[in-house]
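Listed below, chain by chain, are the residues.
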Amino acid sequence: MSESTAVATPGASRSGVTPSRPARDRRALLKPVLLVAFLVVLLALPLYVEEFWLRTGFAAFGAIVGAIGLNLLVGNSGQLSLAHAFFLAVGAVSYVYVSGEPGGLGVAELGGLGLPPIVGMVVGVLLAGLAGLLFSPLAARLRGIYLGVASLALVFIGIHVLNSWTEVTGGFNGRAAPDFSLFGFTFANSNPDLFVLGVPFREAERLWYLGLALALAAYLFARNLLKGRPGRALQTQRDSEVAASVMGVNVQGYKARIFLVSSMYAGLAGVMYALSIGSIAPESFGLELSILYLAMIVLGGLGSVNGAVLGAIFVSALPLVFQRYADLIPFVGRGEGLAAGEAARFLFGAAIVLVILFEPAGLAGIARRISGRFGRRPGGRLTQRPPDTPSRSTEPTPSDPPAQGSTT
Amino acid sequence: MTQFLSLLLNGISLGALYALIALGFVIIFKSSEVVSFTHGSLLLLGAYSIARLSDAIGFLPAVVVGILITALAAFVIERLIINRLRGAAVISLAIVTIGVDIIILTELIRRIGSDILNVPHPWGGESFRIGSVGLSQNRLIAFIVAALLIALFFVAFKYSNWGIAMRASAEDGETAALMGIRQGRVSALAWVVAGVLAAVAALFLVGSPTPGVSPTAYAVALRAFPAAILGGLDSTGGALVGGLLIGIAEAMAAGYQDQLLFLGRGFSAVVPFIVMIAVLMFRPSGLFGTKELTRV
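Here, residues in each chain are numbered from 1, in the same order as that chain's written sequence. To label them, take the chains in the order written and letter them from A, then take the ligands in the order written and number them from 1. With pLDDT at 70 or above as the cut-off, local features in this predicted model cover only qualifying residues; side-chain atom pairs require 80 or more to be listed or tallied, and sums for whole chains, interfaces and linings still use all residues. The side-chain values count all of the structure's non-hydrogen atoms but skip hydrogen atoms and water molecules.

Novice: Looking at this model, I keep getting lost on the overall build of chain A. Mind explaining?
Specialist: Helix and strand definitions follow DSSP, with helices as H or I runs of at least four residues and strands as E runs of at least two, each counted in order from the N terminus. A count of helices and strands for chain A gives 15 helices and eight strands. Across the 408 residues that make up chain A, the buried fraction comes to 50%. For chain A, the proportion of contacts with a sequence separation of at least 24, taken over those separated by at least 6, is 74%. Here, Shrake-Rupley sampling with a 1.4 Å probe gives the accessible areas, and only protein chains in the shown set may cover a residue. Total accessible area on chain A stands at roughly 18900 Å², and carbon and sulfur atoms take up 65% of it. Burial classification: accessible surface area is computed with a 1.4 Å probe over protein chains only, and a residue below 20% of its type maximum counts as buried, one above 50% as exposed, and the rest as partly exposed. Note on definitions: a residue-residue contact is assigned when non-hydrogen atoms from the two residues lie within 4.5 Å.

Right, here's the structure in full:
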């Protein structure tokens, strides 16, 4: 993949012609205006939209945080990890244990520290990071695909621990997650009762803002990380470890640190997941969750933060929307048709295959191409080429049919 | 001591099945650089077709047809998807197989539902005894069949045109292509062979002492992953050793469960992964895998 830095992105090469000056000024103005307008819409949404969409939105915000984190690891640093579900579980369990009240649930005796939820959230993120850091020496030694399989191990070990360590995790049945609160303001249905412009602000509305704030922070952090020196180092290291280390990049160090960052993102996503569902159970943190996260970043476009956001919204919202509108969608619904979850899974599977076959840059690539139609400012960005774009044009294909008699 | 011997026998027979599946991983990886995550669903597909067909057409024909179906599925995956992605990064190849896996698995789970399908093995669920050491007959036959298949595979790998072609293209793809080896064909055949091996393993894995075909058979294929990895993903001999190691470790952990209770119930299912991590700590490319050298 050493030639990848030399090959420009399709978007950049197409817009190689500099647009005339006034046009560029206008566009430079347009972008922040659009962004502000978009934010205002997001902020005003709880005033108008019903609860279902707000809850879906919060789930999507959690998924966005997790997907950005996984994308940093897989898309930008080239380390395939299937262990994301494990780190989510660490975050979620730590939050529930640290902020939960001790007490009995059926036969099981549950422990809990009963500390303020914000402490639980911070501890969740830190512990997930710690778990990532502990695993990273192994991760940094393993070649890409070995890491992918080795990380499977964490998921299974995680599930086993979740099932067995009943005192902390609630065991097989799981346990309820405490409501989030910040400085006495509870993100639940009451306490205090709140009305904004005559609209009651209950749990869904409050969580919406929490999710928006966290996802925005996660987004900005990742963008800045990638724009700066670490981003360039990571991408060089992804494309060629040898080249990177010759240039003075501490390859092992960066690999370990990005694992730390990625698992902290996963920890936060885990806390948000617990808040969104209201409880945690071992079966939610299986291999399937890791695969869903992988689906998000592949569909969105590996290596692109915007892509991770788009993919996360798509993958997390689709099953919920299917469920709600099952009667309106053909082939989906009760009785003969597919269940909503099944339909969504078929769609994800097919989408992954199609994206890798035909559009390796994913949704972000499609979006870039659409906005490329309207002319973008040229150059000046990091190459956002995902690690997997097959460079067919530059590489001789070994599968070319041989000229003469084959030995097979 | 008796318990130990009996567990060892059980472990070896289970390990032989893991070795079959792991061999599939390895030859697919060697011939097309793909780490196939579709293997779990291929295995389940084989088990499902055998179980469903044996009511209609009898056990033996069902086994043959089930193996053919699985091999065909593997062939179609290779032709339609993998072959088009030649030269793509290993990571995206792995991810694409995950996509295929989601599709097949969703459909199979939907069809199986919450049933446990039964495969009517003619050898039934009896066990076979030497003195006080027992082994289920199913596992004994599994071991014999697996040993024969593995021996056949190694002979073919060493002497047949296909085996030579495959080793050549694994060694150096470009040169092999220049020598007139059709890599598309080599890789298609590797997928077919892996499909057959998975289906055969499936046939025995759903017999006694396991209750029958249920989606949990999928998890078994995932436990063969550690077998392939700890042997070294590009070493066929390693798959054999890895499979046996994993099988024995798992059987021991299951047998001595009472002594291991402090680690939680069902610990044996996690053991393969722990063994894998332990090996990878010291040998990052597995026991017999080629170390990756970089030349500057």
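Novice: I would appreciate a short explanation of unusual backbone geometry in the present structure.
Specialist: For Glu-33 of chain B, which is not a glycine, the phi torsion comes out positive at approximately 60 degrees. Checked against the element boundaries, Glu-33 of chain B lands in the loop between α1 (2-32) and α2 (39-57).

Novice: Looking at this structure, how should I read the nonpolar core?
Specialist: Only buried residues count toward a nonpolar core, which is a set of Ala, Val, Leu, Ile, Met, Phe, Trp, Tyr and Cys residues joined through side-chain atoms within 4.5 Å. Core analysis: the largest hydrophobic core is formed by 203 residues, its most contacted members being Tyr-293 of chain A together with Leu-43 and Val-213 of chain B. With 14 residues, the top contributor of residues to this core is α1 of chain B. What Val-213 of chain B contacts, discounting residues up to four positions off in sequence, is Leu-44, Ala-47, Tyr-48, Ala-51, Ile-112, Asp-115, Ile-116, Leu-117, Val-119 and Val-206 of chain B.

Novice: Would you mind showing me how to read the packing of aromatic side chains here?
Specialist: The description of an aromatic ring pair rests on the distance of the ring centres and on the angle between the ring planes. Any two of the Phe, Tyr and Trp rings considered here, Trp counted by its six-membered ring, make a pair once their centres fall within 6.5 Å; the pair's planes then place it as stacked at under 30 degrees, edge-to-face at over 60, or tilted in between. Summed over all chains, the structure comprises 13 aromatic pairs over all chains. Each ring, one from Phe-153 of chain B and one from Trp-162 of chain B, has its centre 6.4 Å from the other, and the planes form 70 degrees; the classification is edge-to-face. Trp-162 of chain B matches Phe-153 of chain B in its accessibility class, with the two residues each being buried. An aromatic cluster is built from Phe-86, Phe-87, Phe-135 and Phe-259 of chain A, whose rings are joined through pairwise contacts. Geometrically, a lysine NZ or arginine CZ counts as sitting over a ring once it is within 6 Å of the ring centre and also within 35 degrees of the ring normal. Lying over the aromatic face of Tyr-254 of chain A, Arg-257 of chain A brings its terminal NZ or CZ to 5.0 Å of the ring centre. When the ring centre of Phe-157 of chain B is taken as reference, the NZ or CZ atom of Arg-167 of chain B above it lies at 5.7 Å.

Novice: Can you help me understand the pattern of salt bridges in this one?
Specialist: Side-chain pairing between opposite charges can occur once the charged atoms of the two side chains come close. By definition, a salt bridge exists where a carboxyl oxygen of Asp or Glu is found within 4 Å of a side-chain nitrogen of Lys or Arg. Within the structure shown, the criterion is met by six salt bridges over all chains. Its salt-bridge partner being Arg-238 of chain A, residue Asp-239 of chain A comes within 3.1 Å of it at the nearest N-O pair. For Arg-111 of chain B, the salt bridge identified is with Glu-107 of chain B, shortest N-O distance 2.8 Å. Pair noted here: Arg-111 of chain B and Glu-107 of chain B are both in helix α4 (residues 90-112), with a separation of four residues, about one helical turn. Residue classification places Glu-107 of chain B among the partly exposed residues on the basis of a relative accessible area of 22%. Here the residues in one salt-bridge network are Glu-107, Arg-110 and Arg-111 of chain B, joined through shared partners.

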